[in-house]
Amino acid sequence: MINNMPTHFAGKVYSALRKVPKGKVTTYKKLAESINSKAYRAVGHALSQNPYAPAVPCHRVVASDGTIGGFMGQKTGEAIRKKIKLLESEGIVVENGKIVDFEKKVVEIKN
DNA sequence: AGAGCACTGATCC
DNA sequence: GGATCAGTGCTCT
């Protein structure tokens with residue numbers, strides 16, 4: 001668990017996200033469910049704050065249908081392009097804002 | 001206290 | 001097939 005978390009909820013989100021290996025991604029839905037919650041939006045917001053930027057790779061979280069979703073508070077723009085680049089650096093192929101072979105890149109979060 | 005958000009599933013048109 | 005609503009937890013005003 002990460003120290004000094006803003007909230008218990010966010011703390012669980014970060015903790016779960018840290019378990020995602022490099023080259024893989026997860027979804028807001030899986031994250032939320034893995035922490036026993038349905039607050040998908042809250043997960044997104046918690047990541048948007050991202051107080052633990054390097055430890056918590058928020059770019060590794062995507063929407064349930066494989067779309068990038070958003071990054072750094074915006075759903076489109078330079079930040080998104082950067083997020084895609086980051087993912088590609090980890091071996092994830094992104095095309096037209098969506099993850100290619102998304103099902104193979106997604107990893108189930110384990111507690 | 002009220003509205004909005006990086007979501008999602010279900011309903012409505 | 002696209003638009004809207006409800007549910008959820010947190011942040012901002």
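Residues numbered from 1 in each chain as written. Chains lettered and ligands numbered in written order. Predicted model: local features only at pLDDT ≥ 70, side-chain atom pairs only at ≥ 80, totals over all residues. Heavy atoms only, no water.

Quick look at unusual backbone geometry now. Despite not being glycine, Asn50 shows a phi value in the positive range, around 40 degrees. Summarising the element assignment, Asn50 is placed in the loop between α3 (40-49) and β2 (61-62). Residue class for Asn50 comes out buried when judged on its relative accessible area of 13%. In this structure, Asp101 takes a positive phi of about 55 degrees despite not being glycine. By secondary structure assignment, the location of Asp101 is in the loop between β4 (98-99) and α5 (102-105). (Helix = DSSP H or I, 4+ residues; strand = E, 2+ residues; numbered from the N terminus. Buried < 20%, exposed > 50% of the residue type's maximum accessible area, 1.4 Å probe, protein only.)

If you check the shell around DNA strand C, you find Pro6, Thr7, Phe9, Ser37, Ala39, Tyr40, Arg41, Ala42, His45 and Gln49 and nothing else. Sugar and phosphate atoms represent 62% of those atoms of DNA strand C found within 4 Å of the protein. Arg41 has a polar side-chain atom sitting 3.2 Å from a base oxygen of DNA strand C. A distance of 3.5 Å separates a phosphate oxygen of DNA strand C from a polar side-chain atom of Gln49. The element that contributes the greatest number of residues to the surface near DNA strand C is α3, accounting for five residues. Partitioning the surface near DNA strand C into residue classes produces five nonpolar, four polar and one charged. (Near = heavy atom within 4 Å. Polar contact = N/O pair within 3.5 Å; in protein donor to acceptor, adjacent residues only side chain to side chain. Nonpolar A, V, L, I, M, F, W, Y, C, P; charged D, E, K, R; others polar.)

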